[in-house]
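Below are the chains, spelled out letter by letter.
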Amino acid sequence: MNNWLNKYVILIVTGIITFISPIADTLLFVGIISVFDFVTGIMKAHKSGTISSRRMINKLYAVIGYFVGILISHLLEGYFGDAIPMVKAVVAIIALTEIQSVRENIKEISGTDILSPLTKILQRKVDENN
């Protein structure tokens, strides 16, 4: 019986790895930006004195939701084909959300907006074209 169980565990783990391997880089990217947001969020909470385990747990749930959303979109993409790049769309939404959160955290920590130089350059280009 034990040999039978080991056989199916190996098959299940192999199937999961096979399913995840095409999007492993995507999952790593989302993991990295989520960790960066988590770290800047802790720094912001430390500065304001509002560190809360509830917020940390909520962030953990959000990251789990991100991964589940990516896996579901990968599954749907496999079912419907590559006609609609669902994984890219989901990751773009997640990345924009996390980058905005990091931006807000850094602005709270340092008092400067990390995108203000970019917005000034873009505004200058718009002014030149008008």
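Refer to the structure presented above.
Residues numbered from 1 in each chain as written. Predicted model: local features only at pLDDT ≥ 70, side-chain atom pairs only at ≥ 80, totals over all residues. Heavy atoms only, no water.

1. Quick notes on the side chain of S73
Alright, step 1. Summarising the element assignment, S73 is placed in helix α3 (residues 53–80).
Alright, step 2. Assessed through its relative accessible area of 5%, S73 is described here as buried.
Alright, step 3. Setting aside its immediate chain neighbours within four residues, S73 contacts M86, V87 and V90. (Helix = DSSP H or I, 4+ residues; strand = E, 2+ residues; numbered from the N terminus. Buried < 20%, exposed > 50% of the residue type's maximum accessible area, 1.4 Å probe, protein only. Contact = heavy atoms within 4.5 Å.)

2. Topic: the pattern of salt bridges
Alright, step 1. What the rule picks out here adds up to three salt bridges.
Alright, step 2. One salt bridge connects K59 with E98, and the closest N-O pair in it is separated by 2.8 Å. Within this pair, whereas K59 is found in helix α3, its partner E98 is found in helix α4 (residues 86–110), the two being separated by 39 residues in sequence. You'll find K59 and E98 in the same group, each marked buried.
Alright, step 3. We note a salt bridge from R103 to D113, for which the minimum N-O separation is 2.6 Å. Taken together, the residues span a long stretch of sequence, with R103 in helix α4 and D113 in the loop between α4 and α5 (116–129) at a distance of 10 residues.
Alright, step 4. The network of salt bridges with common partners includes D37, K59 and E98. (Salt bridge = Lys/Arg side-chain N within 4 Å of Asp/Glu carboxyl O.)

3. Some remarks on the environment of K59
Alright, step 1. On the basis of relative accessibility, which here comes to 15%, the residue K59 falls in the buried class.
Alright, step 2. Between the C-alpha atom of K59 and that of G41, which follows or precedes it by 18 residues, the distance is 9.6 Å.
Alright, step 3. Beyond its immediate chain neighbours, meaning those up to four positions away, K59 contacts S34, D37, F38, Y66 and E98.
Alright, step 4. A polar side-chain atom of K59 sits 2.8 Å from a polar atom in the side chain of E98. (Polar contact = N/O pair within 3.5 Å; in protein donor to acceptor, adjacent residues only side chain to side chain.)

4. A look at α3
Alright, step 1. Look at α3: 40 Å from first C-alpha to last across 28 residues, which is about the 40 Å you get at 1.5 Å a residue.
Alright, step 2. Of the positions making up α3, those classed as buried are K59, V63, Y66, I70, S73, H74 and E77.
Alright, step 3. The inward-facing, buried residues of α3 abut α1 (2–20), α2 (24–48) and α4.
Alright, step 4. Just beyond α3, the residue with positive phi is G81, at close to 95°. (Expected span 1.5 Å × (residues − 1).)

5. Let's talk about a nonpolar patch on the surface
Alright, step 1. A surface patch of nonpolar side chains, about 870 Å² in accessible area, is lined by W4, L5, Y8, V9, L11, I12, V13, I16 and I17.
Alright, step 2. With respect to the helices and strands, I12 occurs in helix α1.
Alright, step 3. A relative accessible area of 54% means that I12 is categorised as exposed. (Patch = residues over 30% accessible without salt bridge, like charges linked within 9 Å, V, L, I, M, F, W, Y side chains within 5 Å. Areas by Shrake-Rupley, 256 points an atom, 1.4 Å probe, with all protein chains shown as cover.)

6. Focus: the packing of α2 against α3
Alright, step 1. In the contact formed by α2 and α3, the axes pass within 11 Å of each other and the chain directions differ by 165°. Accordingly, the angle class assigned to the pair α2 and α3 is roughly antiparallel. The crossing of α2 and α3 is right-handed. Between α2, through T26, L27, V30, G31, S34, D37, F38 and I42, and α3, the contact on the second element is made entirely by M56, K59, V63, Y66, F67, I70 and L71.
Alright, step 2. Tallied by class, residues from the contact of α2 with α3 come to 10 nonpolar, three polar and two charged. (Axes fitted to C-alpha atoms, helices over the stretch in contact; angles between N-to-C directions. Parallel < 35°, antiparallel > 145°, perpendicular 65-115°, else oblique. Left-handed = near helix turned anticlockwise from the far one by under 90°. Nonpolar A, V, L, I, M, F, W, Y, C, P; charged D, E, K, R; others polar.)

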